[in-house]
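# A closer look at the structure
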Amino acid sequence: MKLDREMEMLLNEIPLLLHGDVLGCSEPAAAETDAGAVDFAYLIQELGEMGFVEDDDDDDSFLYPRKASSSPTSNLHFMDAENFVASHPFSMDKDRERALFDPFPFSSTCFDAAVGDDWDLLCRPVRSRLCKTARPKKGTCSNGCQATSPKKCAAAKPSKYESLVGLRGYMYHVARDQHGCRFLQQRLDDGKREVDFIFTGVARHAVDLMVNPFGNYLMQKLLAVCSEEQRMGIVLTLTKEPFVLVRISLNVHGTRAVQKLIESLKAREEIQLVVAALRPGFLELIKDPNGNHVVQKCLQSFGADDNKPIFDAAAIYCLDIGMQCHGCCVLQRCIARSTGEHKEKLVAAIARNGFELAQDAYGNYVVQYVIELKVAAANASLAQQFEGKYIHLSMQKFSSNVVEKCLKVFKEADKANIILQLLAAPQFERLLLHPYANYVVYAALQNSKGSLHSALTNAIRPHVELLRTSPYCKRIYSRALLKK
């Protein structure tokens, strides 16, 4: 391609230097020949190095017929004026052939005039066929109707699909087409006969269609209208090989189809097959932006007994799941949907990892959720882990929220223990001025009573002047709180 471009540029310069010889006219004067000889010799040398100019001894019958002339350009094998626009060895495109020699586009009429009169004759380029007068009027489509857009013009886009009969054997390919998929969805509303016909054509391709940008919509519609026997056939197709349903659930299109499948399941056997197929990939699904919706749909649609594998996996991997943006939401949903033994096991597992989760950007929400449940065993486990570390937790961005929650929910004895640890801090004023710990002190003021509250306000008053100028202590400086 680069070589052809260089050849074109060199050949375009030749007519500008000596166009009499190119057109087969009489040879130029001796003075003009000498003047242009250097330029033509240079061009011929360039073309020779590029391999487009043949020596006299070589067979050049495939090139242009030679013209008997003593011109320095005779070795370029240009044709006479009558056969000037013949087939070109470098391109099969006639427009490109002419462009190799013409410095500007000519029409056939202009080109004949240029050859007869003068090469330098400037001709106006031919007007484009699509002129302004040929354009359709505003408010009409190219077919001349009054539709405002091609989409609204029935003549502009005739439907390729008219009946299901002609699609036998091609249903899978039609379902992958945007218009074909829409046509098949419309036919599903016509009755059981059409549903059976379409099901027969696409059921064995369910895996591919579920992840297809268009086919997944057809599968969702088909799952909503098919019979229980047909739905069982689709379930068996999706679950007969391991990890197939997991891969579909991780796909941006497949996740919607799998969620629709889960919504439509009614038989216990179908549910068990789907849950068993998803179980090997629970951890990956829970942490995936697409897959986590499939797990949450299972929690929402199935009973606690059917979701037991999900609860077990969540309890085992609660630390890993709880410290992930999607996983923390699924973990809270697992707690909400579980009952009895499953719930106790899950809450206990989270409480055992409370200290690590409390300091995480996402895990702290899970710990707060568990604290609000007011499960005595879980809160006692958390209080034991936090013992002696409340000051450290109060000065961190995420764990300070957990300490605030403890001051609101824990028993009075545990609250008093937290406040006493705060008061025993070596430099209590640092907590008041700290961007996160000041919220903990404010929560302690709100949730303390009697002598404990008095001790807290007495510890704050010596630092009133600092509180006035600090941007973090406006609420602590409130007189109402200090007078309580």
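Residues numbered from 1 in each chain as written. Predicted model: local features only at pLDDT ≥ 70, side-chain atom pairs only at ≥ 80, totals over all residues. Heavy atoms only, no water.

## A few points about the overall build of the chain
When you go through the chain residue by residue, the secondary structure sums to 31 helices and zero strands. When each of the 484 residues of the chain is scored for burial, the buried share is 43%. Expressed as a percentage of contacts within the chain between residues at least 6 apart in sequence, the contacts between residues at least 24 apart total 63%. As displayed, the chain has an accessible area near 26,800 Å², and 52% of this comes from carbon and sulfur atoms. (Helix = DSSP H or I, 4+ residues; strand = E, 2+ residues; numbered from the N terminus. Buried < 20%, exposed > 50% of the residue type's maximum accessible area, 1.4 Å probe, protein only. Contact = heavy atoms within 4.5 Å. Areas by Shrake-Rupley, 256 points an atom, 1.4 Å probe, with all protein chains shown as cover.)

## Describing the UniProt feature "repeat: Pumilio" (unreviewed entry) in the chain
Here, the residues flagged by UniProt with the feature "repeat: Pumilio" (unreviewed entry) are residues 201–237, 277–312, 349–384 and 385–421. Helix makes up 64% of residues 277–312 and strand 0%, whereas the separation of the span's terminal C-alpha atoms amounts to 15 Å. (UniProt positions renumbered as here; feature names shortened; annotations may be inferred.)

## What about the environment of Leu 407?
The topology assignment puts Leu 407 in helix α25 (residues 399–409). When its relative accessible area of 1% is taken as the criterion, Leu 407 is described as buried. In this structure Leu 407 touches Lys 415, Ile 418, Ile 419, Val 440, Ala 443, Ala 444 and Asn 447, once residues within four positions along its chain are discounted.

## Looking at the packing of aromatic side chains
Taken as a whole and judged by the stated rule, the model has one aromatic pair. Each ring, one from Phe 386 and one from Tyr 390, has its centre 6.2 Å from the other, and the planes form 75°; the classification is edge-to-face. You can call Phe 386 buried: its relative accessible area is 0%. The lysine or arginine in question, Lys 389, covers the ring of Phe 355, its NZ or CZ lying 4.3 Å from the ring centre. (Phe/Tyr/Trp six-rings, centres within 6.5 Å; stacked < 30°, edge-to-face > 60°. Lys NZ or Arg CZ within 6 Å of the ring centre and 35° of its normal.)

## Looking at the nonpolar core
If you look at the biggest cluster of nonpolar residues, it comprises 101 residues, and the most contacted ones within it are Leu 184, Ile 350 and Phe 386. If we skip the residues at most four places from it in the chain, Ile 350 touches Cys 318, Leu 331, Ile 335, Leu 357, Val 366 and Val 370. (Core = buried A, V, L, I, M, F, W, Y, C linked by side-chain atoms within 4.5 Å.)

## Brief notes about the environment of Asp 190
Here Asp 190 lies in the loop between α7 (178–187) and α8 (192–202). Of note is the side chain of Asp 190, whose polar atom sits 2.6 Å from the side chain of Arg 187. (Polar contact = N/O pair within 3.5 Å; in protein donor to acceptor, adjacent residues only side chain to side chain.)

## Observations regarding helix α16 (residues 291–301)
Of all 11 residues that make up α16, eight are buried, and the element is covered over most of its length. For α16, the complete set of buried residues consists of Gly 291, Asn 292, Val 294, Val 295, Gln 296, Lys 297, Cys 298 and Leu 299. Buried positions along α16 lie against α12 (244–250), α13 (254–264), α14 (268–278), α15 (282–286), α17 (308–316) and α19 (325–337).

## Observations concerning unusual backbone geometry
A positive phi angle is found at Phe 243, which is not glycine, with a value near 70°. Its place among the elements puts Phe 243 in the loop between α11 (228–239) and α12. Backbone geometry places Lys 374, a non-glycine residue, at a positive phi of 60°. Note on placement: Lys 374 falls in the loop between α22 (363–372) and α23 (376–386).

## Quick look at the packing of α13 against α16
The contact between α13 and α16 brings their axes to 9 Å, and the two run at 10°. With respect to each other, α13 and α16 are oriented roughly parallel. The segment α13 lies against α16, with Thr 255, Val 258, Gln 259, Ile 262 and Glu 263 engaging His 293, Val 294, Lys 297, Cys 298 and Ser 301. Taken together, the residues of the contact of α13 with α16 sort by class into four nonpolar, four polar and two charged. (Axes fitted to C-alpha atoms, helices over the stretch in contact; angles between N-to-C directions. Parallel < 35°, antiparallel > 145°, perpendicular 65-115°, else oblique. Nonpolar A, V, L, I, M, F, W, Y, C, P; charged D, E, K, R; others polar.)

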